[in-house]
Amino acid sequence: MERTGFDEFVRARSVGLLRIAYLLTGDRDAAEDLLQEVLEQMYVKWRRIHGAPEAYARRALVNRATNRWRRRGRKPETGLDGYDVSAPDHSDGVVVRDTVLAALRSLPPRQRAAVVLRYLDDLPVHEVAAALNCTAGTVKSNAARGLERLRAVLGPVLVPDGGER
Amino acid sequence: MTETQIREVLDRATGDLSVRPDLLDRVRAGGRRRVIRRRAVLAGGLAVLAAGAAVPLSARGRSGNDLETAGDLAGDPQFRARVRAAWATAMLGFATEGEPLIRWAGRTPAGPVAVVQQASPVAGGTLWAEGFVHAGRGLGPVHLSRWREGSPMAVLLGPRRDVLVVWDAGNTVSLSAGHTVDAAGKVRRDWERIGPVHGGVLVRTVAPQAGDVRLGLREDGNWDESVPLANYEEVVPASQENRTPTRVERWLPGRDRAWPADLTQAELDTWDLSFRPDYNDNLGFHPFTGHFRWIVRGAAPDGRRLVVQILELGDRRRVFWMIGTPDRPHYAGELDDRYATGLPRQTTLVHIRLPEQIGVLVSAPAATLRYRAGAGPWLPVNGDTALLPAAASRVEVTPRGGNPVPVALV
């Protein structure tokens with residue numbers, strides 16, 4: 001079967017999709033596994049999806065990431081209560097990354113996905129809704145709640161005193 | 001923090017990511033394996049289904065605007081209005097383009113049904129959502145049954161799920177009423193070509209499928225593809241369970257003797273029955289309750305290659321082994337008390353006595369094992385999976401965080 005454009009799509013978009021997967025899963029290895037699973041799925045279905053592969057990839061990433069969370073066996077997500085908000089070194093990218101990942105892990109999966117797609121990928125609301133299979137209103141409320149929690153967690157850590165909130 | 005600052009920290013947190021250089025090669029290799037192992041693809045498709053998937057308009061090669069409605073209710077304005085209303089409700093929150101297209105509207109033994117499609121613009125293209133709208137018995141409220149990507153697609157309706165509605169989308173589609181497992185452990189199906197039909201929709205009364213879908217649907221093409229059941233999770237509620245996935249993939253000591261280091265993936269795959277369509281029911285429907293994979297590779301004492309594999313088929317798990325050649329897999333029957341013992345802490349010991357005095361394969365993921373032969377001393381086992389000597393008569397399993405449990409090896 002002809003898969004015109006598949007290789008080019010993978011080369012051009014795999015880094016961007018890996019970034020989404022990374023923030024959805026919070027784990028580098030899991031993100032790579034997730035991305036490979038989705039790309040393999042797309043390889044098989046390329047004839048039907050190659051008109052809008054990016055949208056398909058986002059939807060598949062979110063679905064599979066959500067299924068992974070469900071399969072954890074209802075283990076509670078890391079809560080905010082135990083979150084360490086000690087001030088990091090702002091020049092340390094590792095600290096930023098770990099802080100962001102920890103903050104995202106504190107969000108329910110749908111809020112997490114809404115925030116990642118809306119603010120990392122800068123998608124319009126209706127495209128986030130398509131990826132999450134929900135209404136535009138639900139996306140807005142999930143993104144707003146997620147954003148509020150991220151601000152609460154990240155604000156004291158990443159924004160210098162006096163910085164804009 | 002402003003939204004801009006949120007964007008910046010998300011960007012910084014992921015800024016140093018890069019993909020492995022061999023990603024494309026691995027994806028292509030994995031994709032080719034998935035083409036064969038359609039079951040895994042079906043599982044992924046079901047996950048997508050739940051999200052309300054769609055297919056690209058451009059991929060379908062037509063605009064659809066000039067398409068007319070087929071079916072015996074095509075001229076019923078009241079029904080069409082109800083279908084459009086139900087569809088609009090289901091599409092709330094999605095960007096849509098133009099009016100929904102009712103491709104087919106007609107009566108079925110389970111009530112009126114319509115096949116609907118609608119374009120949904122996204123960045124870089126246009127998606128094409130499609131699905132069934134089912135009015136139920138006695139012209140009850142119209143509701144969207146399910147919708148998903150791809151064509152063809154099918155839905156099972158009626159309280160006993162015995163009314164099959166297939167949208168063939170102009171493709172050749174075949175139906176299998178059921179499957180059997182033969183003495184070799186292979187899945188057998190007989191196929192009947194049912195499409196394409198005029199109007200695109202075929203309605204067939206089938207044996208009740210509620211809770212256990214026995215039928216199979218196949219789209220015939222360059223290779224056989226399964227046809228998705230749009231409401232599979234409603235027909236088989238067990239498919240919505242989220243069991244912990246089983247993954248046991250082990251190499252036994254002695255690998256170097258039988259398996260050369262430069263063995264290609266393709267050759268390795270010939271020793272994996274999950275890649276063979278006649279062992280996996282790729283075109284049937286089975287509950288997806290987590291990825292199941294159980295395969296142990298190693299060598300027999302005389303150096304021949306040895307593979308022991310458990311293949312899942314719905315609730316059935318079939319035990320196979322291959323010794324020396326992948327051409328004649330031995331089917332040892334279903335996994336039952338002969339081969340598996342449940343232990344505390346959700347641990348299961350698999351114990352399979354192999355022929356020709358090859359030994360006893362034991363495996364208990366994440367557990368500590370030791371064994372003895374008759375009244376001999378307890379001997380340690382390296383790892384949680386091992387090929388014990390044929391003389392082994394007992395194995396002691398210590399689940400992680402648990403107490404030792406002795407198990408007799410028959």
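Residues numbered from 1 in each chain as written. Chains lettered and ligands numbered in written order. Predicted model: local features only at pLDDT ≥ 70, side-chain atom pairs only at ≥ 80, totals over all residues. Heavy atoms only, no water.

*Asks:* I'd like a rundown of the overall build of chain A, residues and numbers included.
*Replies:* Scanning chain A for helices and strands turns up 7 helices and 0 strands. Along its sequence from the N terminus, chain A presents helices and strands in the succession α-α-α-α-α-α-α. The contacts in chain A between residues at least 6 apart in sequence include a share of 66% that link residues at least 24 apart. Of the roughly 6,900 Å² of accessible surface on chain A, 46% is carried by carbon and sulfur atoms. (Helix = DSSP H or I, 4+ residues; strand = E, 2+ residues; numbered from the N terminus. Contact = heavy atoms within 4.5 Å. Areas by Shrake-Rupley, 256 points an atom, 1.4 Å probe, with all protein chains shown as cover.)

*Asks:* Just give me the short version of the overall build of chain B, but keep the residues and values in it.
*Replies:* On a plain count of helices and strands, chain B comes out with 8 helices and 27 strands. Put simply, chain B has 410 residues, and 54% of those count as buried. Taking as baseline every contact in chain B between residues at least 6 positions apart, the subset at least 24 positions apart corresponds to 59%. As displayed, chain B offers around 17,600 Å² of accessible surface, 49% of which is attributable to carbon and sulfur atoms. (Buried < 20%, exposed > 50% of the residue type's maximum accessible area, 1.4 Å probe, protein only.)

*Asks:* Go over the pattern of salt bridges with me, naming the residues and quoting the values.
*Replies:* Going through the model one piece at a time under the given rule, you end up with 28 salt bridges over all chains. One continuous salt-bridge network, built from bridges that share partners, spans Arg13, Glu54, Arg58, Asp121 and Glu127 of chain A. (Salt bridge = Lys/Arg side-chain N within 4 Å of Asp/Glu carboxyl O.)

*Asks:* Lay out unusual backbone geometry with the relevant residues and their values.
*Replies:* All names here are of chain B. For the bond running from Gly195 to Pro196, omega is 10°, close enough to zero to count as cis. Within the fold, Pro196 resides in the loop between strand 11 (192-195) and strand 12 (201-205). Phi is positive for Gln357, which is not a glycine, with a value near 60°. Residue placement: Gln357 occurs in the loop between strand 21 (347-354) and strand 22 (359-363). Although it is not a glycine, Ala366 adopts a positive phi angle of roughly 70°.

*Asks:* Give me the packing of aromatic side chains: which residues, what numbers.
*Replies:* On inspection of all chains with the given rule, the structure shows 7 aromatic pairs over all chains. Put simply, the rings of Phe6, Phe9, Tyr43 and Trp46 of chain A pair up and form one aromatic cluster. Sitting above the plane of the Trp251 of chain B ring, Arg255 of chain B keeps its charged end 3.9 Å from the centroid. Its guanidinium or amino end placed over the ring of Trp259 of chain B, Arg305 of chain B lies 4.8 Å from that ring's centre, counting from NZ or CZ. (Phe/Tyr/Trp six-rings, centres within 6.5 Å; stacked < 30°, edge-to-face > 60°. Lys NZ or Arg CZ within 6 Å of the ring centre and 35° of its normal.)

*Asks:* Got a sec to walk through the sheet that holds strand 14 (residues 225-226) of chain B? Specific residues and values, please.
*Replies:* All names here are of chain B. Spatial ordering of the open sheet is given by 11-8-13-14, a layout of 4 strands whose pairing is antiparallel. Each of the sheet's edge strands pairs with one partner strand only, and the pair in question is strand 11 and strand 14. Here strand 8 (residues 173-176) runs beside strand 11; their pairing, made up of 3 bridges, is antiparallel. Across the sheet, the residue bridging to Ser174 is Arg193, located in strand 11. (Pairing = 2+ DSSP bridges.)

*Asks:* Which residues make up the pairing of strand 18 (residues 316-323) of chain B, and what are the values?
*Replies:* Residue and element names in this part refer to chain B. Counting buried positions over the 8 residues of strand 18 gives 6, a clear majority of the element. Where strand 17 (residues 305-313) meets strand 18, 8 bridges bridge the pair, whose relative direction is antiparallel. The residue bridging Val308 from the neighbouring strand is Trp321, located in strand 18. Here strand 17 folds back onto strand 18 in antiparallel fashion, the turn holding 2 residues, of which Gly314 has a positive phi close to 65°. In this sheet, strand 19 (residues 330-334) lies alongside strand 18 in antiparallel orientation, the contact comprising 4 bridges. Among the inter-strand pairings, Arg318 is bridged to a residue of strand 19, identified as Glu334.

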